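# Report on the structure
If you want the building blocks of each chain, they are given just below.
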Amino acid sequence: MTVAPEPGAPPAGAEVVVSTAYAGRIEGKSRAELLGELTRLARSIVVAGAHGKTTTAGMVAFCLDRLGEDPSFAIGGEIPQLGGHARAGSGWFVVEGDESDRTIASLSAEIAVITNVDLDHHTTFASRAEVEELFAGWLRSLPAAAVVRGDELEPVDLELSVPGEHNRRNAACALAALELAGVARRDAERVLAGFRGAGRRLEARGEANGVLVVDDYAHHPAEIEATLAAARDLASGGRIVVLFQPHLYSRTAYLERELADALAHADAACVTEIYPAREEPLPGVTGKLLVDRLCELRPGMPIGWAPALEAAAAVTAAQARRGDIVLTIGAGDVDRAVPLILERLAA
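Every chain is numbered independently, its residues counted from 1 as its sequence is written. Selection of residues for local features in this predicted model requires a pLDDT of at least 70, selection of side-chain atom pairs for listing and counting requires 80 or more, and totals for whole chains, interfaces and linings are taken over all residues. To get the side-chain values, all heavy atoms of the structure are used, and hydrogens and water are removed first.

Among buried residues, those of type Ala, Val, Leu, Ile, Met, Phe, Trp, Tyr and Cys that are joined through side-chain atoms within 4.5 Å constitute a nonpolar core. Only protein chains enter the accessibility calculation, which uses a 1.4 Å probe. A residue is then buried if its area is under 20% of the maximum for its type, exposed if over 50%, and partly exposed in between. Judged by nonpolar contacts, the single largest core of 36 residues is most densely connected at Ile45, Val60, Leu64 and Leu192. At the level of elements, strand E3 (44–48), helix H2 (53–66), strand E4 (72–79), strand E7 (111–114), helix H4 (165–180) and helix H5 (185–192) are the ones that each hand at least two residues to this core. Among the nonpolar cores identified, the runner-up in size contains 26 residues, and Ala218, Ile224, Ala269 and Leu294 belong to it. Each helix corresponds to a stretch of at least 4 residues labelled H or I by DSSP, and each strand to a stretch of at least 2 residues labelled E; elements are numbered beginning at the N terminus.

Written as structure tokens, this is what we have:
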């Protein structure tokens, strides 16, 4: 007689891999250990950096796929044109390397890409210098690797399907990595023009009553500013209306001023409560801090404070008018507001 496993239990004999969020709570191999093993078993292209690594890794995997190279990939976001965020193939292994939990230090690479360096994870790193040392130490552990550094490249001058200066920089990193992998530049450029982006990266989600609703994963001030600049290019004179969900109490506390400065580039904004993810609340740290700071920076700007996401969706929809772009921004579950906003706009 076969005994069925308990609900939620892995099948008998299965190996369990545990993400950082469940470390110490569930027994199993860490994500870093698994990715480290996989990168040592295949010719690997590892894309790291504070910003743009999901899109850049997606660009590399997409080009290799469309050029018949059958890549494996493990990427932190969905790549709709590739059917998901991970796949086993027979060619290069394209990996997004994460610095948030120092996973990157465990990865091997034949081609190493660092898109940029910034301080984004304040409970892991005490300073930007510490982040720089993590990346430098990783590169020292890969003496034979070919290295692509985003800060040494000029943005590409290509017609891309994804908007924004930041994506031209991402494309520069991707093309440099592909050249090192043996792909002719002209072939890579031709294919890259058809890359339509990663999930939750300036992802158009729908339109109602002349208002386009776009969702983005940006959660750091530099990412928010880049997202708003790209949206401005798409707006064709319309306003940018933002619904922002801060991510992590620590990030909000450390970057309160910088987050408000970035949001000030919008024409109207609504802020909802902080998405805690793995953190416990910090006394006095709420999304209202950003609202107060934004009111100081932009007196007269339409600014809403709605702690509940459902209420924030209603406020955001009420702020929008025909010709505007509504942006839902954040690394939590702010994308749940998208259908609510579209429903309100249609009504």
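For Asp101, the position within the fold is in the loop between strand E6 (93–96) and E7. Distance in space between the C-alpha atoms of Asp101 and Ala32 is 8.9 Å, their sequence separation being 69 residues. By the criterion applied in these results, polar contacts are pairs of N or O atoms within 3.5 Å in which, for protein atoms, one can donate a hydrogen and the other can accept it, and in which residues neighboring in sequence qualify only through two side-chain atoms. At 2.4 Å, the side chain of Asp101 forms a polar contact with the side chain of Thr103.

Turning our eyes to something else, we now look at the sheet that holds E6. Here, a strand pair is defined by DSSP locating no fewer than two bridges between the strands. Read from one edge of the open sheet, 6 strands run E5-E4-E6-E3-E7-E8, paired in mixed fashion. In this open sheet, the two edge strands, each paired with only one partner strand, are strand E5 (84–87) and strand E8 (146–149). Strand after strand, the sheet turns through a mean of 20° between neighbouring axes, direction not considered. Summarising the sheet, E7 and E8 pair through 4 bridges and their orientation is parallel. Bridged to Ile114 within E8 is Arg149. Along the sheet, helix H1 (residues 31–41) makes contact with E3, E4 and E6, crossing E6 at roughly 150°. Contacts from H4 reach E3, E7 and E8 within the one sheet, and its direction differs from that of E8 by about 165°. Throughout, an axis means a line fitted to C-alpha atoms (over the contacting stretch in the case of helices), and angles, computed between N-to-C directions, take values from 0 to 180 degrees. Residue contacts follow a heavy-atom distance rule, with two residues in contact if any of their heavy atoms lie within 4.5 Å.

Salt bridges, as used here, are contacts in which a Lys or Arg side-chain nitrogen is within 4 Å of a carboxyl oxygen on Asp or Glu. Following the criterion strictly, the structure yields 28 salt bridges and no others. Between Asp101 and Arg31 there is a salt bridge whose closest N-O contact spans 2.7 Å. A residue pair is termed long-range when its members are at least 10 positions apart, and Asp101 in the loop between E6 and E7 and Arg31 in helix H1 qualify at 70 residues. Relative accessible area serves as the criterion here: at 24%, Asp101 is assigned to the partly exposed category. Taking the shortest distance from any N to any O, the salt bridge between Asp215 and Arg200 comes out at 2.5 Å. Here Arg200 lies in the loop between H5 and strand E9 (203–208) and Asp215 lies in strand E10 (residues 211–216), a separation of 15 residues in the sequence. Just as Asp215 is buried, Arg200 falls in that class too.

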